[in-house]
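Here is what each chain is made of, one letter per residue.
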Amino acid sequence: MGIITSIWGEEGSGKSTLGLSFPKPLFHQELELGGFDRAIWRFEKEFRILRLKAEDEVGTVEWSKWDIVTKPYIVPVQLEKLQGLQGISIKLPKKVIGVKEVWQQYIVDTVTVCQAKLVKSIFPDSATQLWWIAHTGFLQEKQEMQIAQGKARGLTEDKVVNDSSFRERLTPMEFPNNRMNDLIYTAKSFGQNFLMTHYPKDVYANRVTDKGVESYAT
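Residues numbered from 1 in each chain as written. Predicted model: local features only at pLDDT ≥ 70, side-chain atom pairs only at ≥ 80, totals over all residues. Heavy atoms only, no water.

Describe the pairing of strand 10 (residues 212-217), with residues and values.
Inspection of the sheet shows strand 9 (residues 204-209) paired to strand 10 by six bridges, in the antiparallel sense. The residue bridging Tyr 204 from the neighbouring strand is Ala 217, located in strand 10. Counted along the chain from strand 9 to the antiparallel partner strand 10, the turn is two residues long. (Pairing = 2+ DSSP bridges. Helix = DSSP H or I, 4+ residues; strand = E, 2+ residues; numbered from the N terminus.)

This is the structure:
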């Protein structure tokens, strides 16, 4: 039976290094580029390492030949959000592009690796970024539904996206946390170790000062 592990800490505190020490063969999923390189130098002489490209298929990996296999999951840069300078204002388009597809590929790869009986550990690094991909990908699905409905009414995509009612965020009631739960349960059901690194997040509260009520990071 595999164990579910959450490794929490500030950047540079050794989260990835600790995760890579878990039982092998280990599948490292690089969700934040650069983290693997910062940690793997400690293990390069000890383990057999395979670096996949984003387009490579994990189903072709011969796990008996490798101790650590890593693959990057690259979210497309929302270039339109960095452009669109109009006079003295900056227009930030609301449409999410390409995140849903990264989430879908991640799920396909994870299930494929879970079914590879030799693999002992699966390591999404970081799960903070994975959570963002899951939620933003779901927002993309919501937006695509709105665009499809608008086109059915004879509107152009630009008209739908620029409408004030176009979705820019999810409500807490819509958060697809069940997707993360299902992912963890899948790894557990196959008996693999599932390691998740997380960054700390400030928790805010209110306090009374001589200037009135103010919010602060606890």
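Residues and numbers for the sheet that holds strand 1 (residues 4-8), please.
Taken in spatial order, the six strands line up as 1-8-7-2-4-3 in an open sheet, and their pairing is parallel. What marks the edges here is a single partner per strand, and that holds for strand 1 and strand 3 (49-51). Shown here is a sheet whose adjacent strand axes are inclined to one another by a mean of 15°, direction ignored. In the packing of helix 3 (residues 99-114) onto the sheet, contacts are made with strand 2 (26-30), strand 4 (68-72), strand 7 (121-125) and strand 8 (193-198), and the angle to strand 7 comes to roughly 160°. Packed onto the sheet, helix 4 (residues 127-152) meets strand 7 and strand 8 and runs at close to 90° relative to strand 8. (Axes fitted to C-alpha atoms, helices over the stretch in contact; angles between N-to-C directions. Contact = heavy atoms within 4.5 Å.)

So what's going on with the nonpolar core? Residues and values would help.
By size, the foremost hydrophobic cluster in this structure holds 32 residues, and its most contacted members are Trp 63 and Tyr 106. If sequence neighbours within four positions are ignored, Tyr 106 has contacts with Gln 29, Leu 31, Tyr 73, Pro 124, Leu 130, Leu 183 and Phe 194. Ranked by size, the runner-up nonpolar core spans eleven residues in total, among them Phe 22, Phe 43, Ile 68 and Phe 123. (Core = buried A, V, L, I, M, F, W, Y, C linked by side-chain atoms within 4.5 Å. Buried < 20%, exposed > 50% of the residue type's maximum accessible area, 1.4 Å probe, protein only.)

Now, about the side chain of Lys 15: what can you tell me, with residues and values included?
Mapped onto the elements of the fold, Lys 15 is located in helix 1 (residues 15-19). One buried charge, Lys 15, has no salt-bridge partner; the nearest side chain with opposite charge is Asp 125, at 6.7 Å. Polar side-chain contacts of Lys 15 include one of 3.3 Å to the backbone oxygen of Gly 9. Not counting the four nearest positions on each side in its chain, Lys 15 is found in contact with Ile 7, Trp 8, Gly 9, Glu 10, Phe 123, Thr 197, His 198 and Tyr 199. (Lys, Arg positive; Asp, Glu negative; His and termini not counted. Salt bridge = Lys/Arg side-chain N within 4 Å of Asp/Glu carboxyl O. Polar contact = N/O pair within 3.5 Å; in protein donor to acceptor, adjacent residues only side chain to side chain.)

A description of the layout of surface pockets should follow, citing residues and the corresponding values.
Approximately 230 Å³ is the volume found for the second largest pocket. Gly 12, Lys 15, Ser 16, Gly 35 and Arg 38 are, among the 16 residues lining the second largest pocket, the residues nearest its centre. Residue composition of the lining of the second largest pocket, by class: two nonpolar, eight polar and six charged. (1 Å grid on protein atoms, 1.4 Å probe; cavity = no way out; pocket = protein on both sides within 12 Å on 5 of 7 lines; lining within 4 Å. Points joined across faces, edges and corners; volume = space filled by probe spheres on them. Nonpolar A, V, L, I, M, F, W, Y, C, P; charged D, E, K, R; others polar.)

Just give me the short version of the pattern of salt bridges, but keep the residues and values in it.
Under the definition given, this model contains eleven salt bridges. Residue Glu 101 is joined to Lys 100 by a salt bridge in which the shortest nitrogen-to-oxygen separation is 4.0 Å. When its relative accessible area of 15% is taken as the criterion, Lys 100 is described as buried. Each of Lys 95, Lys 151 and Glu 157 takes part in salt bridges that share partners, so that together they form one network.

Explain helix 6 (residues 177-189) to me, using residue names and the numbers behind them.
Across its 13 residues, helix 6 extends 18 Å between first and last C-alpha, which sits within 8% of the 18 Å expected from 1.5 Å per residue. Elements in contact with the buried residues of helix 6: helix 3, helix 4 and strand 8. With its phi angle positive at about 85°, Gly 191 sits one or two positions after the end of helix 6. (Expected span 1.5 Å × (residues − 1).)

So, unusual backbone geometry: which residues are in play, and what are the values?
Note that the residue after Lys 24, namely Pro 25, is joined by a cis bond; omega there is 0°. Note on placement: Pro 25 falls in the loop between helix 1 and strand 2. For the bond from Asp 125 to Ser 126, the omega torsion is 10°, close enough to zero to count as cis. For Ser 126, the location among the structural elements is in the loop between strand 7 and helix 4.

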